[in-house]
Amino acid sequence: MSVQTEKYQIATKTQDQTYLIKNKNDNILLYVKEGKTQVSNISDETLQDFQLMNSRINNALKDVKKDLVER
């Protein structure tokens, strides 16, 4: 699976535990292969961006769960 955002490209291949995050300039920020970190260049700004994304996803899921329970 691959997702392109305004700032990042995120690719995963869960069957072999491969995860890749690149920035818009194609620099590798995080590369995990077979569950082992190969490259880790995560800055505080990148970490904050992903924490914000995670928070937004969780909030959206709460709304979906609430709608399903209320039906």
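Going by the structure above, here's the rest.
Residues numbered from 1 in each chain as written. Predicted model: local features only at pLDDT ≥ 70, side-chain atom pairs only at ≥ 80, totals over all residues. Heavy atoms only, no water.

**Description of the packing of aromatic side chains**
Then, in step 1: Within the structure shown, the criterion is met by one aromatic pair.
Then, in step 2: Here tyrosine 8 and phenylalanine 50 contribute two aromatic rings whose centre-to-centre distance is 5.1 Å and whose plane-to-plane angle is 50 degrees, an arrangement assigned as tilted. One end of the pair, tyrosine 8, is in strand β2 (residues 8-13); the other, phenylalanine 50, is in helix α1 (residues 44-70), and 42 residues separate them in sequence. (Phe/Tyr/Trp six-rings, centres within 6.5 Å; stacked < 30°, edge-to-face > 60°. Helix = DSSP H or I, 4+ residues; strand = E, 2+ residues; numbered from the N terminus.)

**Quick look at the sheet that holds strand β1 (residues 2-4)**
Backbone-to-backbone hydrogen bonds pair the strands of a sheet. The strands run either parallel or antiparallel.
Then, in step 1: Taken in spatial order, the five strands line up as β1-β2-β3-β4-β5 in an open sheet, and their pairing is antiparallel. Of all strands in the sheet, those bounded by a partner on one side alone are β1 and β5 (36-40). Taken pair by pair, the neighbouring strands of this sheet meet at an average axis angle of 10 degrees, ignoring direction. (Pairing = 2+ DSSP bridges. Axes fitted to C-alpha atoms, helices over the stretch in contact; angles between N-to-C directions.)

**Quick word on the side chain of asparagine 23**
Then, in step 1: Mapped onto the secondary structure, asparagine 23 falls in strand β3 (residues 18-23).
Then, in step 2: With relative accessibility at 19%, the residue asparagine 23 sits in the buried group.
Then, in step 3: In this structure the side chain of asparagine 23 is engaged in a polar contact, spanning 3.0 Å, whose partner is the backbone nitrogen of asparagine 25.
Then, in step 4: Once you skip the residues sitting within four places of it in the chain, asparagine 23 turns out to touch Lys7, Tyr8 and Leu29. (Buried < 20%, exposed > 50% of the residue type's maximum accessible area, 1.4 Å probe, protein only. Polar contact = N/O pair within 3.5 Å; in protein donor to acceptor, adjacent residues only side chain to side chain. Contact = heavy atoms within 4.5 Å.)

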